[in-house]
Amino acid sequence: MRLITTTEDLKDFCKILESQAFITVDLEFHREKTYYAQLGLIQVACPETEGIIDPLAPQLDLSCFFDVMKNPNVVKVLHSCRQDIEILYHLAGFIPQPLFDTQVAAQICGFGSSVSYENLVQSILGIELDKSSRLTNWCVRPLSAKQLDYAISDVTHLVHIYQFMKQKIAQNGREHWLDEEMAELLDKNNYETKPQEAWLKIRQHIRNRKYLTVLRELAAWREKRAQQKNLPRQTIIKDDCLLNIAAVAPHNLEELKQIRNMRSDILNGKLAQEILDVVCFAESLPRSEYAKPKTEKKINYSQDLYELLRLLLVLISQKNETVPHIIAGDDELKLFAAGQDRGLKMFQGWRFDVFGRQASLLRQGKISIGYDCSSQKIALTQIP
């Protein structure tokens, strides 16, 4: 295992990587005190070599590594890669591709929903990982040999897991399943924060549109400031305080001082005036631009059909040796049992071939689910 701390060493390492059909990658990061994740380590492996890149090394230029991650001829293999992609997207402005996410592949292969890397290593390779370094702060130097050994194991075992899963998926003819799932991860909208939508993540139950408008503008202000200062949004101002401000909608400093949980540093600094300006702006908006309450529509569906669909989903997932959740979610089944078809993922791509078509036939009464005495199993029967 090589520890890479200079640009020249990284260039030599990347020459090997760019000649590979695939590489396995993992990022270690720390984000408790920042808005954007602080990259601590980059682990990379392939059948020929493995190495750890130290992004905190002085004057290390990561450009050649980014070029490998952009190379369309090299498959990038990661486990549960959404956070890793987010870090690369904000750090360097690109989404690596082609991608192979072993957590998604594990669902397709029937290993369970959101299976951990440790469980995959145990299940496929029969190796139990040492988790004692799991809670390491990877941005603190120096790192011990034990910590580095733990970090590199996140990608060395992944080489064999990828080879196993790639073969299993090919044997079952499910490459297009994985391609469709990976296409969703390539959408940059997954990794871009929209300040005007930040209020939707704050838990509250008030439906007054004027109150929600003030909350929306306050949350957007906080989000932008957190991004600019690279600080956690709760460090700027906590959710409960933001909700209290939106409820009172203060017009001056005296009213702001009366709000519960207001920190003195906010009241005595420039943030106080910024908050008052945001409230003033929110109240000046025309009603047509008010925020709308989050709608939670109650689905009126057939309970009997829903239960049959659940059973059908279990039968089909067992037949295909995959997890039910990746084929169709519970809300989708309820919507379909309510007579809605439009926009459901179960009617798109491979999901329609595997499940959607059969679900439609079941709802139309053209197939039934019953017990087959000869096989002693539940089976589907075509109805003439």
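The notes below deal with the structure included here. (Residues numbered from 1 in each chain as written. Predicted model: local features only at pLDDT ≥ 70, side-chain atom pairs only at ≥ 80, totals over all residues. Heavy atoms only, no water.)

## Describing the packing of helix α8 (residues 209-229) against helix α10 (residues 239-248)
Here α8 crosses α10 at 140 degrees, and the two axes come no closer than 8 Å. As summarised for this structure, α8 and α10 are arranged oblique, according to the angle between their axes. As for the relative orientation of α8 and α10, their crossing is right-handed in sense. Across the interface between the two elements, Y211, V214, L215, L218, A219 and R222 of α8 pack against D239, L242, L243, I245, A246 and A247 of α10. Each residue belonging to the contact of α8 with α10 can be placed in one class, and the counts come to ten nonpolar, no polar and two charged. (Axes fitted to C-alpha atoms, helices over the stretch in contact; angles between N-to-C directions. Helix = DSSP H or I, 4+ residues; strand = E, 2+ residues; numbered from the N terminus. Parallel < 35°, antiparallel > 145°, perpendicular 65-115°, else oblique. Left-handed = near helix turned anticlockwise from the far one by under 90°. Contact = heavy atoms within 4.5 Å. Nonpolar A, V, L, I, M, F, W, Y, C, P; charged D, E, K, R; others polar.)

## Describing the side chain of S317
The residue S317 is located in helix α14 (residues 303-319) in this model. Leave out the neighbours within four places in its chain, and S317 touches T322, V323, P324 and I327.

## Some words on the pattern of salt bridges
Across all of its chains, the model carries 15 salt bridges by this definition. Where K334 meets D330, a salt bridge forms, and the shortest distance between an N and an O atom there is 3.5 Å. In this pair, K334 and D330 are both assigned in helix α16 (residues 330-337), four residues apart and thus about one turn of the helix distant. By relative accessible area, D330 is classed as partly exposed at 36%. Two residues, R363 and D341, come together in a salt bridge whose shortest N-O distance is 3.0 Å. Of this pair, R363 sits in helix α17 (residues 349-363) while D341 sits in the loop between α16 and α17, and the two are 22 residues apart along the sequence. (Salt bridge = Lys/Arg side-chain N within 4 Å of Asp/Glu carboxyl O. Buried < 20%, exposed > 50% of the residue type's maximum accessible area, 1.4 Å probe, protein only.)

## With respect to the packing of aromatic side chains
All told, the structure shown has twelve aromatic pairs when counted by the stated rule. With 6.2 Å between their ring centres and 10 degrees between their planes, W138 and Y150 make a pair best called stacked. Placement of W138 in the loop between α5 (117-125) and α6 (145-171) and of Y150 in helix α6 is noted, with a sequence separation of twelve residues between them. A relative accessible area of 3% means that W138 is categorised as buried. With relative accessibility at 11%, the residue Y150 sits in the buried group. Ring geometry for W177 and W350: centres 3.9 Å apart, planes at 15 degrees, overall stacked. Of this pair, W177 sits in helix α7 (residues 175-185) while W350 sits in helix α17, and the two are 173 residues apart along the sequence. Every member of this aromatic cluster is reached through a ring pair, and the members are F22, F100 and Y162. Positioned over the ring face of F94 is K70, at 5.1 Å from the centre of the ring. (Phe/Tyr/Trp six-rings, centres within 6.5 Å; stacked < 30°, edge-to-face > 60°. Lys NZ or Arg CZ within 6 Å of the ring centre and 35° of its normal.)

## A short note on the layout of surface pockets
Counted as a void, the largest pocket has a volume near 670 Å³. In this structure, the largest pocket is lined by 24 residues; those nearest its centre are D26, L27, E28, F29 and D154. Counting residues per element, the ones that place at least two in the lining of the largest pocket are β2 (22-30), α3 (82-92), α5 and α6. The dominant element in the lining of the largest pocket, judged by the number of residues it contributes, is β2, at six residues. (1 Å grid on protein atoms, 1.4 Å probe; cavity = no way out; pocket = protein on both sides within 12 Å on 5 of 7 lines; lining within 4 Å. Points joined across faces, edges and corners; volume = space filled by probe spheres on them.)

## A few points about the sheet that holds strand β4 (residues 50-53)
Spatial strand order, β1-β4-β3-β2-β5-β6: six strands in an open sheet with mixed pairing. Of all the strands in the sheet, just β1 (2-4) and β6 (99-101) have a single pairing partner and so form its edges. For this sheet the average axis-to-axis angle between neighbouring strands, irrespective of direction, equals 25 degrees. Bridge analysis of β2 against strand β3 (residues 38-45) gives seven bridges, and the strand direction is antiparallel. Note that in β3 the partner of D26 across the bridge is Q43. (Pairing = 2+ DSSP bridges.)

## What about the environment of A21?
For A21, the position within the fold is in the loop between α1 (7-17) and β2. Note on A21: relative accessible area 55%, which makes it exposed. With 52 residues separating them in the primary sequence, A21 and N73 have C-alpha atoms 6.8 Å apart. In this view, A21 contacts N73, V74 and V75; residues no more than four positions away in its chain are not counted.

## Let's talk about the side chain of D84
Tracing the backbone through its elements, the reader meets D84 in helix α3. For the buried D84, no salt bridge exists, and the shortest N-O distance to an oppositely charged side chain is 9.5 Å, to R31. A polar contact is formed between the side chain of D84 and the backbone nitrogen of L27, at a distance of 3.2 Å. (Lys, Arg positive; Asp, Glu negative; His and termini not counted. Polar contact = N/O pair within 3.5 Å; in protein donor to acceptor, adjacent residues only side chain to side chain.)

## Focus on α3
Of the residues making up α3, those classed as buried are D84, I85, I87, L88 and Y89. On its buried face, α3 is in contact with β2, β3, α2 (63-70), β5 (75-78), β6 and α7.

## Examining α2
Turning to α2, its buried residues are C64, F65, F66, V68 and M69. On the buried face of α2, the contacting elements are α1, β2, β3, β4, β5 and α3.

## Things to note about the pairing of β4
In this sheet, β4 lies alongside β1 in parallel orientation, the contact comprising three bridges. Residue L3 lies in a different strand from β4, and its bridge partner there is I52. Taken together, the four bridges between β3 and β4 define a ladder with antiparallel strand orientation. Across the sheet, the residue bridging to I42 is I53, located in β4. Hairpin connection from β3 to β4: four residues lie between these consecutive antiparallel strands.

This is a description of form; function is not addressed.
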